[in-house]
Amino acid sequence: MAVDFVDKVAGLQERLYNSETQTKEWSAEDYKGVLEIMSTKDAPKMILVRCMDMAAKYGKHFPDLVQEGFERLLSFADSGEATLKTQALKHLDTFLKPSEGASAAPVISKHAPELLQKKFEALDNETPASKFAAELLAKMTVADPKTVAVACSAALQAETATNEAWRDFVLKHLTSEVLTKQKAQLAASKDAELTVKDEINKLLHVACKKEFDALFSALTGLKIASDKEAFGLQGCVDVLSSLIDTNAEVDLGTEWQVERTLSIIQNTVPLLGKNKHSEDKVFTQYLINKWVSPTNVFSKASDAHRMQILQCLCDVSPHCTEAVAKECLPPMYELLCRYLPEKPKEGDAPPADLNFTVVECLLYSLYALGKKAPDSFAEVTGIKAKLTLDEAKKAAATVVKTKEDIDREKPFKDRLSSAHDATAKMQVQLASAKAKLAADKSGSAEIKARLETITKALNNLQNVVALASAVKGAHPHFPDVHLPWQPRAGQKRKADAGESAPKRQKTESSGKPSGKGAGKGGKKGGKGGKRGGGRWH
């Protein structure tokens with residue numbers, strides 16, 4: 001019997017050798033013969049070793065049989081006798097390297113998920129099998145990071161992927177082992193990075209908060225994120241914009257969806273600030289139309305969420321397109337007028353107390369839109385403001401206002417004057433209170449806290465005064481104002497107070513962060529407990 005194997009293997013080896021060195025004509029039947037012997041149970045060990053050598057050496061010439069050859073070697077590497085296992089492991093790498101049209105992607109795509117599962121199941125109890133799985137997975141990741149990234153993405157998108165530990169494990173492999181360690185290899189292929197970008201985009205729609213942060217960081221770390229021709233920062237902004245259903249009404253009852261929406265917008269801001277080519281085409285209009293203008297949303301939101309909404313509006317509005325600014329100026333002005341009372345006539349009751357924080361943010365956002373579309377700002381408010389004080393002085397020296405101009409700008413200037421006067425009055429009161437507290441030499445924590453609060457309030461009031469004065473004065477212009485949460489040059493954005501996301505509800509969003517509809521969360525969970533339905537927590 002052994003002699004038969006020897007003769008058969010010798011014949012196959014001779015024909016394959018001649019094909020390589022002489023005829024260059026390959027017969028799939030010869031290669032199939034090698035694989036057939038490898039699957040024969042009673043084949044001698046040395047015969048199997050020779051067949052493994054041939055399978056690895058000549059496999060590149062038979063792309064249609066690569067997967068079958070890999071499967072044969074894998075069966076020995078996973079559970080074979082020691083010598084055969086060593087030989088199989090030695091040759092598996094060959095099948096992971098594409099050559100002469102023979103892609104390793106089908107092999108990796110099929111086996112990467114099961115190798116991930118084996119490695120995960122043995123995290124706390126490593127076995128020879130799990131060690132082999134980990135080694136092979138590492139080889140696959142190096143050989144074809146794009147295909148492994150797709151496999152990881154599919155694992156995270158599966159309906160049964162509800163186990164938190166499993167998701168953390170797969171996400172870590174994707175972001176650390178694939179996207180970080182194989183970054184250079186991915187960057188060498190624009191097609192590979194675009195594929196990875198598409199997979200990250202899919203995952204961002206179903207990610208929980210910690211997953212979102214890791215994936216978003218991976219997205220902006222791709223080489224194509226800095227190549228505006230291929231994708232660029234604007235591409236990253238567009239990906240984030242696609243995560244929000246701008247037509248859906250806001251549902252404040254689903255708190256984790258509110259947090260998700262605001263967090264998405266806050267993640268967009270640094271991208272907009274990095275590059276003059278990056279513009280906001282969605283968020284400014286969405287915030288005004290769906291979050292701030294509707295009284296049933298803004299007035300009913302919690303104090304923390306109202307502040308987040310206003311901060312998001314202030315942060316993104318300077319980066320909107322001119323077209324968006326033109327469309328948003330009318331509703332933005334109307335909204336501001338709700339919070340800026342008209343100047344009381346003689347004998348009228350004094351206006352209600354101003355909400356200085358809201359006025360500060362809305363004025364800042366209105367002026368940001370005005371900078372993008374000065375003519376539209378003048379049409380809406382009646383005031384022809386310039387981008388800088390110098391421009392305003394030059395205009396005042398050359399242009400004489402008509403009575404019609406003065407009448408048109410008077411309503412808004414009166415509102416600004418009223419806000420300015422109320423703010424100045426409050427400044428005096430707070431300054432007096434601060435002086436009294438400062439005189440207290442006890443150094444108690446309560447006194448320090450009150451002083452800090454008053455100082456912040458005075459800074460807020462100073463901004464309102466600056467914003468009102470610049471546009472209502474003799475030389476209307478858009479002032480440069482620094483808002484307290486915004487970073488100065490060289491600093492990072494300060495974390496907003498009370499911004500930690502709440503635990504998500506036991507419902508799962510379809511991926512859109514602000515609609516009322518919600519689908520059912522998956523119920524299956526692997527080892528380590530079940531994952532809640534809603535993915536934002």
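Residues numbered from 1 in each chain as written. Predicted model: local features only at pLDDT ≥ 70, side-chain atom pairs only at ≥ 80, totals over all residues. Heavy atoms only, no water.

Check the secondary structure of the protein chain and you find 23 helices and 0 strands. Burial status across the protein chain gives 47% buried among its 537 residues. Expressed as a percentage of contacts within the protein chain between residues at least 6 apart in sequence, the contacts between residues at least 24 apart total 75%. Total accessible area on the protein chain is roughly 26600 Å²; 52% of this is exposed by carbon and sulfur atoms. (Helix = DSSP H or I, 4+ residues; strand = E, 2+ residues; numbered from the N terminus. Buried < 20%, exposed > 50% of the residue type's maximum accessible area, 1.4 Å probe, protein only. Contact = heavy atoms within 4.5 Å. Areas by Shrake-Rupley, 256 points an atom, 1.4 Å probe, with all protein chains shown as cover.)

Here we come to the packing of aromatic side chains. Scanning the model with the defined rule gives 13 aromatic pairs in all. With centroids separated by 6.5 Å and ring planes inclined at 90°, the aromatic side chains of Phe-298 and Tyr-339 adopt a geometry described as edge-to-face. Here Phe-298 is found in helix α16 (residues 295-298), whereas its partner Tyr-339 is found in helix α18 (residues 322-339), with 41 residues between them in sequence. (Phe/Tyr/Trp six-rings, centres within 6.5 Å; stacked < 30°, edge-to-face > 60°.)

Time to look at the environment of Gln-486. Structurally, the position occupied by Gln-486 is in the segment after α23 (445-472). Taking relative accessible area as the criterion, Gln-486 reaches 14% and is therefore assigned buried. Residues Gln-486 and Asp-315, spaced 171 residues apart in sequence, show a C-alpha to C-alpha distance of 8.1 Å. For Gln-486, the contacting residues outside a window of four places in its chain are Cys-314, Asp-315 and Tyr-364.

Take helix α15 (residues 283-292) next. In an α-helix, one turn spans 3.6 residues, which is why side chains three or four residues apart end up on the same side. For α15, a buried count of 9 out of 10 residues is recorded, marking the element as mostly surrounded by other parts of the structure. For α15, the complete set of buried residues consists of Phe-283, Thr-284, Gln-285, Tyr-286, Leu-287, Ile-288, Lys-290, Trp-291 and Val-292.

Attention shifts here to the packing of α15 against helix α17 (residues 303-316). Their axes nearest at 9 Å, the elements α15 and α17 cross at an angle of 155°. On the basis of their axis angle, the class for α15 and α17 is roughly antiparallel. The crossing of α15 and α17 is left-handed. Contact with α15, carried on its side by Phe-283, Thr-284, Leu-287, Ile-288, Trp-291 and Val-292, involves Ile-309, Cys-312, Leu-313 and Val-316 of α17 and no other residues of that element. (Axes fitted to C-alpha atoms, helices over the stretch in contact; angles between N-to-C directions. Parallel < 35°, antiparallel > 145°, perpendicular 65-115°, else oblique. Left-handed = near helix turned anticlockwise from the far one by under 90°.)

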